[in-house]
Amino acid sequence: MRLILLLCCTAALLPAAPSLSILPKEVTLATPESRQQLLAEALLDGGVHSDWTRHAAWSSSNPAIAAVSLSGLVTPKADGEATITARHNNLSASVTVRVRNAAAPFTWSFKNHVMPVLTKTGCNQGACHGALAGKNGFKLTLRGYDPELDYDALTRQSASRRVNLAEPARSLLLLKPTFAIPHMGGLRFKTDTREYRVLAEWIAAGAPPPAEKDPEVTGLEVYPPASILAPNATQQLIVRARYSDGRSEDVTNWVKFSSANEGVATVDDSGLVKLTGHGESAITLWYASKVLYARVTVPFINQTPVISDFRPRNFIDNLASAKWQSLNLTPSKVADDSTFLRRAYLDAAGILPTAGEVEAFLADPAPDKRAKVIDQLLNRDEYADYWAYKFSDLLLVSSRKLRTPAMWAFYNWIRDSVQANKPWDQFARDIFTGAGSTRQNGALNYFVLHKDTIEMAENVTQAFLGQRLTCARCHNHPMEKWTQRQYYQFANLFARVGIKNGSTAADNVVFAKNSGDINHPRLLRPLSPTPLDGQPMPLDSTADRRVHFANWLTKDNDYFTRNIVNRVWANFLGRGIVHPYDDVRATNPASNEELFAAVAADFVKHGYDLKHLMRTIMNSATYQLSSESNATNQADNVFYSKYIIKRLPAEVLLDAMSQVTGVPTAFGGYPAGTRALQLPDVRVQSQFLTSFGRPERILCDAAERSSDPSISQALHVINGDTLNKKLADPQGNIALLLKLGLSEKKVLEHLYLTAYSRPPRPDETAQLNKLLADAKESRQEGLEDLVWSLLTSKEFLFNY
Amino acid sequence: MFRLDADLPVEFCDGTRRRDFLHAGVLSTLGLGLSQFAGLKAHGAVDPKKDVNCILLMLVGGPSQLDTWDMKPNAPIEIRGPYKPIKTNVPGIEISENFPRMAKHADKFSIVRSMYHTAAAVHDTGHQMMQTGRLFQGGVEHPHFGCVVGKLRGPKGDVPPNILLPRPIGATGGNMPHGHAAGYLGKAFDPFILNADPSDPNFRVPDMLPPDYLSANRVDRRKNWREAIDKSVSKFETSQDARLLDSSFQQAYTLMSSAKARAAFELHREPEAVREKYGLNRFGQSCLLARRLVEAGVRFVTINMFETVFDEITWDIHGSKPFSPISCYKDLVGPMFDMAYSSLLEDLSQRGLLANTMVIGTGEFGRTPKVNPAGGRDHWPQCWSILAGGGPLKGGTVIGASDEIGAMPKDRPTTPAEVAATIYKGLGIDLETELPGAQGRPIPVVDRGTEPIKKLFA
């Protein structure tokens, strides 16, 4: 036992001598007002970090150059270099600090100092002066998205009472927030704070306006970017902004922090993180419309170590298991053949294996039979049906806005693309660069669905980029990097799509127009069409804007790749590496970033080949883990140390019931035998599909599809016609089994193989035989009731 | 044996039989006079203090305070808008001319005119706060009031404790949860969602009874066999979704086996005149259904007046498409609310149910004091009005006040958290009660120190 424990620990943790380091490792104080808070970060036994900043003794080799406070705050004194040292528990660490321009003249910048003060102290938040109508006659732009307007509001409106250049101390900008005179918003800061000093000195300097030459924030850095911490520990975060003039500044004071998972960690306004539970959380940072996150991890505590038989099979496994080790999780066992087979069929093709397929697979001695069955599955017609259905969800195929032939043309194009395994980048390019008849080129119906430029911009970003832009329609996204300006630059890419009537009522002709723009609602003029963080296109260019968009979308575009990889991953593993799976924004971090990045890179390297991606996932040992937890991973629902149990989607479940009973569902207007997953439309009447959470395909949103159990689902399978009629059908499998006159044992074996992809255990056979014997009066009814019970049990309703 | 028509009276702690209680609930159809009802009440069949229910009317879109219940007739035209105030049956209280029926029942409700919230001015945040008392942050989804009641009190009789009519709020622009669910309490405490339109001529809760070709005997057998099959497989024991499936089957069987529970949903049992009085539309019939459900033992009913604010005429009067024009308060939304709300109050009161049923009506925010260029009003969480009455809450008073243009609370600023505290106190739930949060972290029903609106309590 002791040996096992030891082995386990060596695998999981890295015992090393404790060490201490200072973060950040390089510090340059470039202005007389520059400050830098340092962190003394210890790395203890077992790879756990500890924040010693407030316990360490700080000293400077030359306090005349750079002084350091008791808490580790460095201030510049004179140009030169000094070494700052932190000491604690017989350990020490040093960092060199360079001081420049210490004696140079300095003025606070409106954009880079005054605005951050207004933002951090809440002046321009939505509930205060950032409201659309301002507050009490004073209006700022929400979280400072327009410095020019804000400057104007502060210095020119209200008879210059807000900023009083003659008597700076009498400026309302200072009197109100310090509560020297009544202020609805209460006390925001006191007169002895840095906030006060920034505003007061800026006014005293003549309130210089924002200028083109002001350095822009180009990015953020956070320290420590990732740390493994003890339960109940605290950790200070430090954030630095990089500017276009090459300098970096400590902006921790002005950053807005929030925790993605308060069950693991909370964070206060100063960036102090408190760990509250086990697991991992991201702490997201927002500063000047730039976002970043830091990761904090608290390993699970395991009393009883478990030996793992986990054998990595590809890079997914190596990266998944690195995460398990850091969290002290042991993966579950590999799933048995029956479980694997059922899971693979359901996840890749939305069907159950037949009894024959189960028997053949179980009997196959080949060591690579799982890989072989995966290859076969990816080439089945049902594979194409299943993924065509999923992509129809994504692209909102339905007869709600499309006439029936147009809907079919769109659907058929999707299905053909899936069947041909069209690379995902080409799939997207085909949609956005095509022109002509929507009947001949079904993909073009995406434009018919989205005649409104705004709707197009928002659904495209959701479907192909996993970004939610909606907030930025009216103002800068409050917790995201997207600005209102970017929104209208982006939307303008779709302002020149022409649609005219084609040869028939259901046919349209899509073409690129060479005029037309969408105005920015406040500037009242169009902005250069620009993809998100991409290159702008001249406003007067007559080139097809859609092509510019498609080129950007499909070439070296992380959002584009991560979006589809995450969607496919979630289909197989039950949860996106980023969750929810359609929300891959910058502030919603992956549960395993290294894994996510590697899968995405592999997908690009293999030419955006969806089948390659699926094959890689399905062949990983991680995908093939059992859903049964061990002593270490019961609480894990995020890191894939066991397979996540999921209810079958509405359409898959209905088809599975049809398959086991041998009675297809009749869908009005569709040929007999059409499976639910073959429907191109979600407006086909089906109470079963509606109550089990079929999406309406109105909004591109993962939440449209629901898999939560409900009373109405239970009522429908108990009393509704869908399942009951299948059971009683004289053409169905139950009737057939009766006609064949098979023994009870054979019947049970067949039912278990078809419904559960496994033979019944002897105790199950015995139990069910007994139950059936109680229903002697009618064997038919007895069997119906038995099949009902099998098809409403958890083993049937769930994929495990 | 599983009996579909089992109708055994359930005995209450105080000795009244459930049967009697329900009969008391439908007294008007039995021709029982009000004085006789009062007699029943004196005997303890209805104890308003012990068992208070709540009907929460979510006025999705956000009614304009200035065009509904906080008129500013003396403000300039661009503030006061197109409507005039009218007197109510309570001297000194005036409301908009769009609500003439409501005006006759002002003694049954109070108006809080100083609501505000400080979150982003989007619909979703207000929905969260007005249904849970809190804004969702850091991945924590707080539970709806009704889910908390369901968790703490459980069902009363055979009906679910917490029902949502007719459907959850859909997209309102923010892509955030709206707060109708149980959040960290777990899906087991999610509301029973009707998911049907009670004004549909063929309205019924689907599949409440087995089809003709299935005998009660077989339904019973299937239930037992399913349980036996499930029991022989252990791998689902730790899955929350799987446990939830069990509980939804259980609740379905309970509903099926109670004739009274089923009857509560059968709106066609109501006289045509009553149905018309509430308004033959989704909201009106939902209010009528809510009354029936409360009578049958449902503790909390939430009614979403609308499901979205896009391409539907709602309280969301931006004045331009796809939103609604201000005139809809006169033509459609106003009368719809006026009929349903006044009928609900009248009906509850005549049946003696108002004494133990709170009725709260609230939007997610108010609207801009100044009429915008499109002739509408935009989002304004800084100030709005809500309606509260029934149960232990006083009627006929005005709590708080807004400034002269309805832009800011002037007197007793009131937050959604305080409304939450008021609802919990009204329901008789101790405000110190702690709920199990994520990883077992206890979370009080309202943040410590949050006070209910004391003046609302008689």
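None of the values given here were measured: they were computed from a predicted structure.

1. Concerning the overall build of chain A
The secondary structure content of chain A amounts to 28 helices and 27 strands. C-alpha atoms of chain A, sized along the principal axes, occupy 100 × 80 × 50 Å. Relative to its 800 residues, chain A shows a buried fraction of 49%. Restricting to contacts in chain A with at least 6 residues of sequence separation, those with at least 24 account for 62%.

2. Here's the deal with the overall build of chain B
Check the secondary structure of chain B and you find 15 helices and 16 strands. When each of the 458 residues of chain B is scored for burial, the buried share is 52%. Long-range pairs, those at least 24 residues apart, make up 72% of the contacts in chain B between residues at least 6 apart in sequence.

3. Overview of the sheet that holds strand β23 (residues 508–512) of chain A
Two modes of strand pairing occur in sheets, parallel and antiparallel, and in both the strands are linked by backbone hydrogen bonds. All names here are of chain A. Pairing within the open sheet is antiparallel, and its three strands lie in the order β21-β23-β22. A strand with exactly one partner marks an edge of an open sheet, and here the two such strands are β21 (436–437) and β22 (497–501). The sheet contact formed by β22 and β23 spans five bridges and is antiparallel. When the sheet's bridge partners are listed, Gly498 is paired in β23 with Phe511.

4. Quick notes on the interface of chain A and chain B
Every contact between the two is made by 58 residues of chain A and, on the other side, 55 residues of chain B. Secondary-structure elements contributing two or more residues to the side of chain A that touches chain B are β16 (256–259), α22 (711–719), α23 (721–728), α26 (762–773), α27 (779–791) and α28 (794–797) of chain A. Here the side of chain A that touches chain B takes eight residues from α22 of chain A, the largest share from any one element. Broken down by class, the residue content of the side of chain A that touches chain B amounts to 22 nonpolar, 24 polar and twelve charged.

5. What about the pairing of β23 of chain A?
Residues and elements named next belong to chain A. As paired strands, β21 and β23 are joined by two bridges and run antiparallel to one another. Within β23, the residue paired with Gly436 across the bridge is Val510. Where β22 hands over to β23, the hairpin turn is made up of six residues, counted between the paired strands.

6. So, the pairing of strand β18 (residues 272–275) of chain A
All names here are of chain A. Residues Val273 and Leu275 line the buried face of β18, whereas the alternating positions Leu272 and Lys274 sit on a face that is not buried. Judged from the three bridges that link them, strand β13 (residues 234–236) and β18 form a sheet pairing that is antiparallel. Of the residues in β18, the one forming a bridge with Thr234 is Lys274. Of the pairings in the sheet, the one linking strand β17 (residues 265–267) to β18 comprises three bridges and is antiparallel in character. Among the inter-strand pairings, Val267 is bridged to a residue of β18, identified as Val273. What sits between β17 and β18 in their antiparallel hairpin is a turn of four residues, with Gly271 showing a positive phi close to 90°.

7. Regarding helix α2 (residues 110–120) of chain A
Working note: α-helix, 3.6 residues per turn, so residues spaced by three or four point in the same direction. Residues and elements named next belong to chain A. With ten of eleven residues buried, α2 is to be regarded as a mostly interior element. Within the sequence span of α2, burial applies to Phe110, Lys111, Asn112, His113, Val114, Met115, Pro116, Val117, Leu118 and Thr119. Those residues of α2 that are buried are in contact with α3 (147–155) and α5 (194–204). Just beyond α2, the residue with positive phi is Gly122, at close to 90°.

8. What to know about unusual backbone geometry
Residue and element names in this part refer to chain A. At the junction of Leu23 and Pro24, the peptide bond is cis and its omega measures out at -10° in the coordinates. When you line up the elements, Pro24 lands in the loop between β1 (19–23) and β2 (27–29). The omega angle of the peptide bond from Tyr223 to Pro224 is -15°, so this bond is cis rather than trans. One non-glycine residue, Asn89, lies in the positive phi region at around 50°. Inspection of the secondary structure assignment puts Asn89 in the loop between β9 (80–88) and β10 (91–99). With phi around 60°, Asp533 is a residue other than glycine that occupies positive phi space. By the secondary structure assignment, Asp533 is in the loop between β25 (525–526) and α16 (545–554).

9. Here we look at the nonpolar core
Residue and element names in this part refer to chain B. In this structure, Leu293, Val301, Ile303 and Ile360 are the most contacted members of the largest nonpolar core, which totals 279 residues. Per-domain counts for this core show at least three residues from each of domain 1 (1–31 + 213–264) and domain 2 (39–205 + 270–456). Beyond its immediate sequence surroundings of up to four residues, Leu293 is in contact with Val159, Ile163, Ala264, Val298 and Val301.

10. Comments concerning the sheet that holds β18 of chain A
Residues and elements named next belong to chain A. Sheet architecture is open: three strands sit in the order β13-β18-β17, paired in antiparallel fashion. Both edges of this open sheet fall to β13 and β17, since each of them pairs with a single strand only. The average angle at which neighbouring strand axes cross in this sheet is 20°, direction not considered.

11. A few points about the environment of Trp69 of chain B
All names here are of chain B. Here Trp69 is to be found in the loop between β1 (53–58) and α4 (77–80). Remark: the alpha-carbon pair of Trp69 and Ile93, spanning 24 residues in sequence, is separated by 9.2 Å. Excluding anything up to four places from it in sequence, Trp69 contacts Ile95, Ile111, Ser385 and Leu387.

12. Regarding helix α15 (residues 484–491) of chain A
Residue and element names in this part refer to chain A. Across the eight residues of α15, seven count as buried, placing the element largely inside the fold. Of all the positions in α15, only Gln484, Gln486, Tyr487, Tyr488, Gln489, Phe490 and Ala491 are classed as buried. Against the buried residues of α15 lie α14 (453–465) and β24 (519–520).

13. Some thoughts on the confidence of the model for chain B
Residues and elements named next belong to chain B. Mean pLDDT over chain B stands at 87; residues scoring 70 or higher make up 88%. Segment residues 1–48: pLDDT under 50, and 55 contacts once partners within four positions in sequence are set aside and those in other chains are kept. Across the assembled chains, the prediction reports ipTM 0.83 with pTM 0.80.

14. Looking at the packing of helix α7 (residues 337–349) of chain A against helix α8 (residues 355–363) of chain A
Residues and elements named next belong to chain A. Across the interface, α7 lies against α8 with an axial gap of 10 Å and an inter-helix angle of 135°. Looking at the two axes, α7 sits oblique to α8. Considering the relative orientation of α7 and α8, their crossing is right-handed. In this structure, α7 contributes Asp337, Ser338 and Leu341 to the contact, and α8 contributes Val358, Phe361 and Leu362. A per-class count over the contact of α7 with α8 returns four nonpolar, one polar and one charged.

15. Describing the environment of Arg522 of chain A
Residue placement: Arg522 of chain A occurs in the loop between β24 and β25. The exposure class of Arg522 of chain A is partly exposed, given the 15 C-beta atoms found within 10 Å.

Thresholds, definitions, all that
- Residues numbered from 1 in each chain as written.
- Chains lettered and ligands numbered in written order.
- Predicted model: local features only at pLDDT ≥ 70, side-chain atom pairs only at ≥ 80, totals over all residues.
- Helix = DSSP H or I, 4+ residues; strand = E, 2+ residues; numbered from the N terminus.
- Buried ≥ 20, exposed ≤ 12 C-beta atoms within 10 Å, placed from the backbone.
- Contact = placed C-beta atoms within 7 Å.
- Pairing = 2+ DSSP bridges.
- Nonpolar A, V, L, I, M, F, W, Y, C, P; charged D, E, K, R; others polar.
- Core = buried A, V, L, I, M, F, W, Y, C linked by C-beta atoms within 7 Å.
- Domains from an automatic or database assignment.
- Axes fitted to C-alpha atoms, helices over the stretch in contact; angles between N-to-C directions.
- pLDDT = per-residue confidence, 0-100.
- Parallel < 35°, antiparallel > 145°, perpendicular 65-115°, else oblique.
- Left-handed = near helix turned anticlockwise from the far one by under 90°.

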